[in-house]
Amino acid sequence: MQVRLEQLTKAFESRKKDSVIAVNKLDLTIESGKLIGLLGPSGCGKSTTLFMVAGIHDVTDGKIYFDDRDVTELSADKRGIGLVFQNYALYPHLSVWDNIAFPLLNSKDMKKRLKKQFAEQHSNSPNYKAYINKLVEDAAKLVEITAYLDRKPGELSGGQQQRVAIARAIVKSPSILLMDEPLSNLDARLRIQTRDEIKRIQQQTGITTIMVTHDQEEALAISDEVIVLKDGLLQQQGAPQDVYDNPANQFVAEFISRSQINMVHGKIATNKLYLGQEEWFPLPAPLMDQEVTIGLRYENIKHAMENIERSFTASVTAKARIGGISTVQVRLADGQQITLLNDHDESLRESERLNLVVKPQSILVFNQKGEKILQC
Ligand SMILES: Nc1ncnc2c1ncn2[C@@H]1O[C@H](COP(=O)(O)OP(=O)(O)OP(=O)(O)O)[C@@H](O)[C@H]1O
């Protein structure tokens, strides 16, 4: 099912006189069957957006459509969504089976729907009870927790509990699955494993899924598309690699870079780009004279032959090795430091002068407002 937000806005009344605009005129279309990473720093409005789509928060302004149906005023239980929370929110006194079956057995609407489905589908189940049992077992099988159906949540690991929560959300065949930071209570190893599980489950079911996360690596790894928010405003939507390669602005470039980006001070003067104080190269198209910030990702800066077009020189100040990644820090003529990946040359010496070049289309130039004015 497609999800479309039109000028979606949420203001929270504050005790002080100004209200907080948590989500600000958000226009978005999420295509059916996609896994979306809703991404941004703490307080940017991710959860508020998700909870409006879920029907948990009412909207201050704007519209929410599921396909062509306006669901803005529809209550949460009538939207056909599955919800997964950060803290799993399982019932501790119920078994895993009972937790998964809970939404099937405790909603009048759902019971009505299931009875109709059971009658229409001429299912292989001999009776309604067996039909429910099969739905629970199928959901448990999908998330691979069949062996734990008799246990209580407290007898499971965090990762297993989150799988139960996912099973409970998908057992009612929702049209949309909404996940609020589903991985953040898990340790690093389980996070990667569960992240990959979410991808598999989403691909197997084809349910349109929106996953809120503040962890860009997590979002980039599994999402078909990422949506980046800041201060309640949409910054960019696109395929992970495209957003990484072509960030819309300085904020996105820094947020989606695992911090491995240099932001170097420079300027544009008489249609030439300056790296620090040094003239670098003529602009491909004219731009106004101004101070700029130049974004250069570590992996895009390479050693080069002397005098190659757009090359620049810098001297080595330090080398570092973190895990399998080796970096070298160099100083430009005006003293600014930049870092690059030290792919191949372990023999670099301190103060050695290097000739460097940046991969085409990866020089990102931002104006003082953080808007991208050039990428070349
Ligand atoms: N019930 C509320 N009352 C008042 N302000 C709220 C309320 N809920 C959220 N906010 C504010 O709205 C803004 C967006 O909050 P939201 O929880 O959506 O952000 P988030 O991106 O999900 O953050 P996090 O990653 O920390 O969960 C924040 O400034 C927050 O303080």
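Residues numbered from 1 in each chain as written. Predicted model: local features only at pLDDT ≥ 70, side-chain atom pairs only at ≥ 80, totals over all residues. Heavy atoms only, no water.

Q: Describe in detail the overall build of the protein chain, supporting the description with residues and values.
A: Each helix and strand counted, the protein chain has nine helices and 21 strands in total. By its C-alpha atoms, the protein chain is 80 × 50 × 40 Å across when sized along the principal axes. Evaluated residue by residue, the protein chain yields a buried proportion of 49% over its 376 residues. Long-range contacts, defined as pairs at least 24 residues apart, comprise 65% of the intrachain contacts of the protein chain with a sequence gap of at least 6. As displayed, the protein chain offers around 18,700 Å² of accessible surface, 48% of which is attributable to carbon and sulfur atoms. In the protein chain, 46 side chains carry a positive charge and 48 a negative one; their mean positions are 6 Å apart. (Helix = DSSP H or I, 4+ residues; strand = E, 2+ residues; numbered from the N terminus. Buried < 20%, exposed > 50% of the residue type's maximum accessible area, 1.4 Å probe, protein only. Contact = heavy atoms within 4.5 Å. Areas by Shrake-Rupley, 256 points an atom, 1.4 Å probe, with all protein chains shown as cover. Lys, Arg positive; Asp, Glu negative; His and termini not counted. Charge placed at Lys NZ, Arg CZ, Asp CG, Glu CD.)

Q: Pulling in residues and values, what's your account of the site of the ligand?
A: The immediate surroundings of the ligand are formed by Phe 12, Val 20, Ala 22, Pro 41, Ser 42, Gly 43, Cys 44, Gly 45, Lys 46, Ser 47, Thr 48 and Glu 181. Gly 45 places a main-chain nitrogen or oxygen 3.0 Å from an oxygen atom of the ligand. The side chain of Thr 48 places a nitrogen or oxygen atom 2.5 Å from an oxygen atom of the ligand. Summarising the interface, the protein chains cover 60% of the accessible area of the ligand, which totals 640 Å² for the free molecule. Of all the elements in the fold, those that place two or more residues in the shell around the ligand are β2 (20-30) and α1 (46-54). Of all the elements, α1 adds the most residues to the shell around the ligand, at three residues. When grouped by side-chain class, the residues that make up the shell around the ligand number five nonpolar, five polar and two charged. (Near = heavy atom within 4 Å. Polar contact = N/O pair within 3.5 Å; in protein donor to acceptor, adjacent residues only side chain to side chain. Nonpolar A, V, L, I, M, F, W, Y, C, P; charged D, E, K, R; others polar.)

Q: Break down the packing of helix α2 (residues 96-105) against helix α4 (residues 128-142) for me, with residues and values.
A: In a packed pair of helices, the relevant descriptors are the angle between the two axes and the axis-to-axis distance. Where α2 contacts α4, the axes come no closer than 10 Å and their chain directions differ by 125 degrees. In this view, α2 runs oblique relative to α4, as classed from their interaxial angle. Every pair of crossing elements has a handedness; the one defined by α2 and α4 is right-handed. Taken together, the residues of α4 that come into contact with α2 (itself represented by Trp 97, Ile 100, Ala 101, Leu 104 and Leu 105) are Ile 132, Asn 133, Leu 135, Val 136, Ala 139 and Ala 140. Residue composition of the contact of α2 with α4, by class: ten nonpolar, one polar and no charged. (Axes fitted to C-alpha atoms, helices over the stretch in contact; angles between N-to-C directions. Parallel < 35°, antiparallel > 145°, perpendicular 65-115°, else oblique. Left-handed = near helix turned anticlockwise from the far one by under 90°.)

Q: Any chance you could break down the packing of helix α3 (residues 108-121) against α4 for me, citing the residues and the numbers?
A: Axis separation between α3 and α4 bottoms out at 11 Å; the angle between their running directions is 105 degrees. Taken together, α3 and α4 sit at an angle that is classed as roughly perpendicular. Seen from α3, the contacting residues are Lys 111, Leu 114, Lys 115, Gln 117, Phe 118 and Gln 121; seen from α4, they are Tyr 128, Tyr 131, Ile 132 and Leu 135.

Q: Lay out the sheet that holds β2 with the relevant residues and their values.
A: Taken in spatial order, the four strands make up an open sheet running β2-β1-β4-β5, and their pairing is antiparallel. Bordering the open sheet on either side are β2 and β5 (69-70), each of which pairs with just one other strand. The pairing of strand β1 (residues 3-12) with strand β4 (residues 61-66) spans five bridges and is classified as antiparallel. Opposite Thr 9, over in β4, you have Asp 61 as the bridge partner. (Pairing = 2+ DSSP bridges.)

Q: Which residues make up the pattern of salt bridges, and what are the values?
A: Counting across every chain of the model gives eleven salt bridges. Of the charged contacts, one joins Arg 200 and Glu 144 as a salt bridge, the two residues approaching to 3.9 Å between their closest N and O atoms. You can see Arg 200 sitting in helix α6 (residues 188-205) and its partner Glu 144 sitting in the loop between α4 and α5 (158-170), a full 56 residues away along the chain. In this structure Glu 144 comes out as partly exposed when scored by relative accessible area, which is 48%. (Salt bridge = Lys/Arg side-chain N within 4 Å of Asp/Glu carboxyl O.)

Q: How would you summarise the sheet that holds strand β14 (residues 290-297) if you had to cite specific residues and measurements?
A: Spatially, the six strands line up as an open sheet ordered β13-β12-β11-β14-β20-β21, and their pairing is antiparallel. The two strands at the open ends of the sheet, each matched to only one other strand, are β13 (278-282) and β21 (372-375). The mean angle between the axes of side-by-side strands here comes to 35 degrees, regardless of whether they run parallel or antiparallel. Sheet topology places strand β20 (residues 364-366) next to β21; three bridges connect them, and they run antiparallel. Bridge assignment links Phe 366 to a residue of β21, and that residue is Lys 372.

Q: Would you mind going over the pairing of strand β19 (residues 353-358) in detail, with residue names and values included?
A: Two faces, one strand: in a regular strand the side chains alternate between the faces of the sheet. Buried residues dominate β19, accounting for five of its six residues. Judged from the three bridges that link them, strand β15 (residues 301-303) and β19 form a sheet pairing that is antiparallel. Looking across to β19, one finds that His 303 is bridged to Leu 356.

Q: Give a detailed account of the environment of Arg 310, specifying residues and quantitative values.
A: Mapping Arg 310 onto the fold places it in the loop between β15 and β16 (312-322). The exposure class assigned to Arg 310 is partly exposed, which follows from its relative accessible area of 25%. Each C-alpha atom, one on Arg 310 and one on Phe 12, is 50 Å from the other, the two residues being 298 residues apart in sequence. The contact partners of Arg 310, leaving out residues within four places of it in the chain, are Trp 280, Phe 281, Leu 356, Val 357, Ile 363 and Cys 376.

Q: Can you break down the side chain of Lys 46 residue by residue, with the values?
A: Looking at where Lys 46 falls in the secondary structure, it is placed in helix α1. This buried residue, Lys 46, is left without a salt bridge; Glu 181 holds the nearest opposite charge, at 4.6 Å. Here Gly 40 takes part through its backbone oxygen, which lies 2.9 Å from a polar atom of the side chain of Lys 46. In contact with Lys 46, not counting residues within four places along its chain, are Leu 38, Leu 39, Gly 40, Pro 41, Glu 181, Val 212, Thr 213, His 214 and Leu 229.

Without other data, these values stay purely geometric and don't point to any function.
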